[in-house]
Structure formats: C-alpha cells, structure tokens
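Structural description and commentary
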Amino acid sequence: MIVIRKAEYVASAVKYEQYPTGGLPEIAMAGRSNVGKSSLINRFLGRRNLARTGNTPGKTQTLNFYRVNDAWFLVDLPGYGYAKVAKTVNAHWGSMMENYFKRRETLRAVIQIVDIRHAPSREDVEMHQWLRMRQVPTMVVATKADKISRGQWLKHLTIIAKALEIEDASLILPFSAQTGAGVEELNESLSEMGLA
C-alpha cells in the first residue's frame, strides 16, 4: 500500500516544455468537467484543498502536476466536454492532450473518471476508445458512489461497462470522495504499478 507522506503542487503546464523534468513516473487523471476529479485527488492524497474544486465546470485549462512522496506525479488533466467552454478552447484541449499522451514517456497509466449515476457521455466513450487505440493502460473510476445506494452500484457499473466496452463491470472502481469508498482499492491498484 502507498502511504501518502507528502503531496505537493509542482506546476501547471500547457506546452511540453513546461512539463516537470526528472523522469518520475506519472499517473494521469482524465474525466469530464464536473465529474469530481479534484475531490477524488484531494481525498486520495489526504489533502483538503490541494486540487482546487470549482463551482464552474471546465475551470481547469492546464495540466496540473502534483508530486507524491517525491517518487511520482499525479497529473490532473483538463476536464473535457463542457459545453460552455469555447470551441477554440476545446480544439486547443485536443492538441494539448494529444501532445501529452504521445510525447510523455513517463506516463504509466490513465485513470478515467466517470459519474456512476449516468451512462458515459459521447466524450467519455471517445476518450476511452482513444486511450485504447494508443494502448495506454487505463483504469475507470466511477465517482459520486455515495449518491446512489450500494445495492444499485452493480446496475450502474454494468451500464458504464457496456458503453465503454469493458468486459467485466467489476473492473470499474466505485469511488466516493465523501465517504472514502474506493480509496483503498485505488491505492492498491497504484501500488501494483510499482508506485510508492
């Protein structure tokens, strides 16, 4: 298990030249705007306000790098698919992501975040297919699990699995930043990737 001793914000980047250097492994988090990405990061790293949670979806327009235990980076990617973000910004987002995924050799895996209450959006499906096509190891985490009863989880996870063409719904991790459900399992998954 990973014991989070230290977690700190290091940099926000738009261009490749602005990414932190040093070759530490990275885990990136991708998800629609307003899916609870910042809350997940804060809960997982045990820091209340490390990643800023905003009331306005689509606020994160940069790649935000958090160094964990001086051993690896958690990279918060800008939320995708928010309608009120201008088309030019969405186009810029696409090229920024393409650049990151293609050129970042230290990227170990992507955690794709979806909302357990809703079927994946078109953007969620496209993102998942895109990652699969590029053979990026991807783990799907379904946030806001506290908003539905535990007995309903499997039904919702099955819908998500079908939309994303994931063979087994149990491969999707239900998560709640409110209750801490899923924190331990996420920790175990990252431990298995050799992160400390």
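Here goes a summary of the coordinates provided.

Criteria and thresholds
- Residues numbered from 1 in each chain as written.
- Predicted model: local features only at pLDDT ≥ 70, side-chain atom pairs only at ≥ 80, totals over all residues.
- Heavy atoms only, no water.
- Phe/Tyr/Trp six-rings, centres within 6.5 Å; stacked < 30°, edge-to-face > 60°.
- Helix = DSSP H or I, 4+ residues; strand = E, 2+ residues; numbered from the N terminus.
- Buried < 20%, exposed > 50% of the residue type's maximum accessible area, 1.4 Å probe, protein only.
- Lys NZ or Arg CZ within 6 Å of the ring centre and 35° of its normal.
- Pairing = 2+ DSSP bridges.

Okay, the packing of aromatic side chains next. For any two aromatic rings, the description comes down to two numbers: the centre-to-centre distance and the angle of the planes. The full count for this structure, using the stated rule, is 7 aromatic pairs. Aromatic pair tyrosine 19 and phenylalanine 65: ring centres 5.6 Å apart, planes at 45°, arrangement tilted. Of this pair, tyrosine 19 sits in the loop between β1 (7–13) and β2 (26–31) while phenylalanine 65 sits in strand β3 (residues 63–68), and the two are 46 residues apart along the sequence. Under the relative-accessibility criterion, phenylalanine 65 is labelled buried at 0%. The structure contains a cluster of three or more aromatic residues connected by ring pairs, namely Tyr16, Tyr19, Phe65, Phe73, Tyr100, Phe101 and Trp130. Positioned above the aromatic ring of tyrosine 16 is the side chain of arginine 103, whose terminal nitrogen or guanidinium carbon lies 3.8 Å from the ring centre.

For the rest of this paragraph, the subject is the pairing of β3. Most of β3 sits out of view: 5 of its 6 residues are buried. Strand direction decides the pairing type here: β1 and β3, joined by 6 bridges, are antiparallel. Within β3, the residue paired with alanine 13 across the bridge is leucine 63. Bridging between β3 and strand β4 (residues 72–76) involves 5 bridges; their strand directions are antiparallel. Bridge pairing links tyrosine 66 to leucine 74 in β4. Hairpin geometry of β3 and β4 is characterised by an intervening segment of 3 residues between the two adjacent antiparallel strands and by a positive phi of about 55° at asparagine 69.

Keep in mind that these numbers describe shape and distance, not what the molecule does.
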